[in-house]
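A structural walkthrough
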Amino acid sequence: MFTQSNICIIITIVLYLAFMLYLGFRYADSSSQSVGDFYLGGRKLGPLVTAMSAEASDMSSWLLMGLPGLAYSTGICDVTWTALGIGIGTYLNWLIVAKRLRTYTEHIGADTVPDFFERRFKDNSHLLLGISALVIVVFFIPYTASGFSACGKLFSSLFGFDYRIAMIVSAAVIVAYTATGGFMAASTTDLVQSIVMTVALICIVCFGIGEAGGIGNVGDYAASMDGYLSMTHMYDAATNSAVSYGGFLPTFCTAAWGLGYFGMPHILLRFMAIEKPEKIKLSRRIATIWVFIAMAVAIFIGVIGLTMVHEGAISAVTDPERIIIVIAQFMSKFGIVPALLAGLVMAGILACTMSTCDSQLLAASSSISENILRGVFNINLSHKATMIVARVTLVIISIIGAIFALDPESSVFQIVSFAWAGFGASFGPVILAALFWKRCNRWGALAGMLGGGVMVFVWKFAIKPLGGVFNIYELLPAFVFALILMVIVSLITPAPDQDMMDEFDAVRTHAAAIK
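All values reported here derive from a predicted model rather than from experimental measurement.

Moving on, we get to the packing of aromatic side chains. Tallied over the full model, the rule gives 21 aromatic pairs. These aromatic residues form a ring-pair network of at least three members: Y104, F116, F117, F139, F418, F423, F427, F457, F461 and F504. Taking NZ or CZ as reference, R120 lies 4.7 Å from the ring centre of F121, over its face.

Structural data, given as C-alpha cells:
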C-alpha cells in the first residue's frame, strides 16, 4: 500500500525521469547530424558542462551508495584513502592529460579513445583499434551492470518492487534518452544530475545531523568506536575492535585508485569534446573542488547513518550500501516537504547511476559500431544505417549489462573497483605514453594494453588470494606491470618513423602555447 510519503517520492522520481527523457528527445535532431556528433557532440561542450559531466559520469552509484556504505561498516580508513586517491587522480588527470589529449585528438581527427590509439601510433593493422575496443566492452559491461543494480536496489528498498523488474525499467529509461540524444544529451543530463546529486547530499547531511543528536554527538560516537576514525586501522563491528589496515603497502595501493583516471574512456571523451582547450583550466578547478567536497560529504553520511542507528532513529541495515536510502525513507515520514526532498535524494541516487551508465553505454557502443565494425572489419554503411547500428549496439550492450545485474546481492563497490582497475591498467599507461613519450611505438602500446588488462585478472583471481603482501588492490601492480612492459617492448622494437615523431612535436608545441 502506498503511503503519502511514498507517493511524494514517486512523483519526484517520475518528474526527474521525465525531464531526462525530455533532454534526450531535445537533442535527437542535433545528434543525428553525424556519427561524430552522436559520440562526441561536435566538440562543443562548455567548461561547466565538461567539468560536471565528466565528474558526474565518473562518480557512479558508489558516491551515494558505495562510499557511505563503506564508511558505515568499516570506518573512515579504507574509504578515505580511496577518496583521497580519487581526488588527487581527478586533479592530475585534468592537469596532465586533458589539454594534450584535446589538442592531439583534434590534430589527428580522432573521435573515440580506440581511434586515438590507432591514429597516434599509425597502426594500419587495426590491432590497437580492435583490442582497445574489446577492452572497453569487456570492462564497461560489468560497470554498467553495477549501475543497473543500484537502480534495482533503490526501488526494491523503497516500494518493495521486484528487484529485477525495477532494474530493467530503470535501464530502459537510461537507454531511451542516451540512444535518442547521444553525447550531447548524455553530457547535458550529466550536468543536471550533478546538481541533483549535490542537493541530495546536502539534504541527507542536514537532516541526518539533526536526527543523530547534532554534529558533536556524531563525532563523539564515531570516536568511541575503536579504530573507526583511525587512518591506519579499520573498525570491525563483529568484535567491536580495531583491525590493522596492513601498513604502508595496502594504504598506498588503495590511494592508487587515482591511477585509474588516466584510463577512463568516458572521462577522456569529455576532455576530447570541450569546445576550447583554453577553458580546460576553469573546468579543472570546478571538477576538482566538486569531487573533493562531494566525496567528503558522502563519507560523512556513512558516519551519520551509524550514529542514527545508535540513537535509535533508524534500524540497523543488513546491506550498508542502502544506508542513504534508509535515511531518506525516514525523512519522508516528517511531512510532504520532507517527503519531496526524500524523493530528490532518491533521484540523486538515480542521477549517480544514470550519469555513469549513459556515458559508458556511448563509449561501449562506439567501440563496437565505429571501431570494430567500421575500423577493423571495414564495413562501410550509409549515414542512416550507421546511426541505426550505433543505437542498436547501445541497446544490445544494455541488455547484456542487465543480465549481469540480475543478482540483487551484487556489490556496487566491488564491481566498480574491478572495472576501474581494468581500465586504469589497460589504458592508463598507454594514454600517458601516447601523450608524453615520443619513443613509444605501437608494439609497446599493444603490449602495455594487453599486459595491464590480463594482469588485473591474474592479480585479482590468482595472486591476491595468496594473502599477505599480495592482498592489495589489483590496479597498482597491473598498472606498473603494464608500464614496464610497454617501455621494454618499445625500446627493443624499431623506433617510430619520423612523420610520427614530427606530429608528436607539433602537438606538443601547440598544446604548450595554449594558456
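A positive phi angle, near 70°, is found at H126, a position not held by glycine. Position of H126 relative to the elements: it lies in the loop between α7 (113-120) and α8 (127-159). Exposure remark for H126: the relative accessible area of 27% places this residue in the partly exposed category. The backbone phi angle of N240 is positive, close to 55°, even though this residue is not glycine. As for its placement among the helices and strands, N240 is situated in the loop between β1 (233-236) and β2 (241-244).

The subject of this paragraph is the pattern of salt bridges. Inspection of the entire model under this criterion finds eight salt bridges. For E503, the salt bridge identified is with K122, shortest N-O distance 3.0 Å. Here K122 lies in the loop between α7 and α8 and E503 lies in helix α20 (residues 498-513), a separation of 381 residues in the sequence. A salt bridge links R322 to D319; its shortest N-O distance comes to 3.3 Å. Within this structure, K438, D505 and R508 form a network of salt bridges that share partners.

Attention now moves to the packing of helix α6 (residues 76-108) against helix α12 (residues 265-273). A pair of packed helices can be characterised by two numbers: the angle between their axes and the separation between those axes. It is the contact of α6 with α12, at a shortest axis distance of 8 Å, that shows an interaxial angle of 60°. Taken together, the axis directions place α6 and α12 in an arrangement best described as oblique. Pair α6 / α12 crosses with right-handed handedness. Only I267, L268, F271 and M272 of α12 make contact with α6, whose side of the interface consists of N93, W94, V97, A98, L101, R102 and T105. Grouping the constituent residues of the contact of α6 with α12 by class yields eight nonpolar, two polar and one charged.

Between helix α13 (residues 280-311) and helix α14 (residues 323-331), the least distance of the axes is 10 Å, while the angle of their chain directions is 60°. Relative to α14, α13 is oriented oblique. The element α13 and its partner α14 pack so that their crossing is left-handed. For the pair formed by α13 and α14, the contact residues are I301, G305 and M308 on the first element and I323, I324, I327 and F330 on the second. Tallied by class, the residues present in the contact of α13 with α14 amount to six nonpolar, one polar and no charged.

Moving on, we get to the side chain of R100. In this structure, R100 sits in helix α6. No salt bridge is formed by the buried R100, whose closest oppositely charged neighbour, D505, lies at an N-O distance of 8.2 Å. In contact with R100, other than residues within four places in its own chain, are L435, F436, F504, V507, R508 and A511.

The first and last C-alpha atoms of helix α5 (residues 62-74) sit only 16 Å apart over 13 residues, clearly below the 18 Å expected at 1.5 Å per residue. The element α5 is largely enclosed, with a buried count of twelve among its 13 residues. Of the positions making up α5, those classed as buried are W62, L63, L64, M65, G66, L67, P68, G69, L70, A71, Y72 and T74. Phi turns positive one or two residues past the end of α5, at G75, with a value near 95°.

Quick look at α6 now. The first and last C-alpha atoms of α6 sit 45 Å apart over 33 residues, in line with the 48 Å expected at 1.5 Å per residue. Most pronounced at V97, the bend in α6 amounts to some 40°. Looking one or two places after α6, you find G109, whose phi comes out positive at around 75°.

In this structure, M59, L63 and F116 are the most contacted members of the largest nonpolar core, which totals 155 residues. Here this core gets 17 residues from one element, more than from any other, and that element is helix α9 (residues 163-211). In contact with M59, other than residues within four places in its own chain, are I86, M197, Y261, W290, V291, M295 and T356.

Cut-off values and rules
- Residues numbered from 1 in each chain as written.
- Predicted model: local features only at pLDDT ≥ 70, side-chain atom pairs only at ≥ 80, totals over all residues.
- Heavy atoms only, no water.
- Phe/Tyr/Trp six-rings, centres within 6.5 Å; stacked < 30°, edge-to-face > 60°.
- Lys NZ or Arg CZ within 6 Å of the ring centre and 35° of its normal.
- Helix = DSSP H or I, 4+ residues; strand = E, 2+ residues; numbered from the N terminus.
- Buried < 20%, exposed > 50% of the residue type's maximum accessible area, 1.4 Å probe, protein only.
- Salt bridge = Lys/Arg side-chain N within 4 Å of Asp/Glu carboxyl O.
- Axes fitted to C-alpha atoms, helices over the stretch in contact; angles between N-to-C directions.
- Parallel < 35°, antiparallel > 145°, perpendicular 65-115°, else oblique.
- Left-handed = near helix turned anticlockwise from the far one by under 90°.
- Contact = heavy atoms within 4.5 Å.
- Nonpolar A, V, L, I, M, F, W, Y, C, P; charged D, E, K, R; others polar.
- Lys, Arg positive; Asp, Glu negative; His and termini not counted.
- Expected span 1.5 Å × (residues − 1).
- Bend = angle between axes of the 7 residues up to and from the residue.
- Core = buried A, V, L, I, M, F, W, Y, C linked by side-chain atoms within 4.5 Å.

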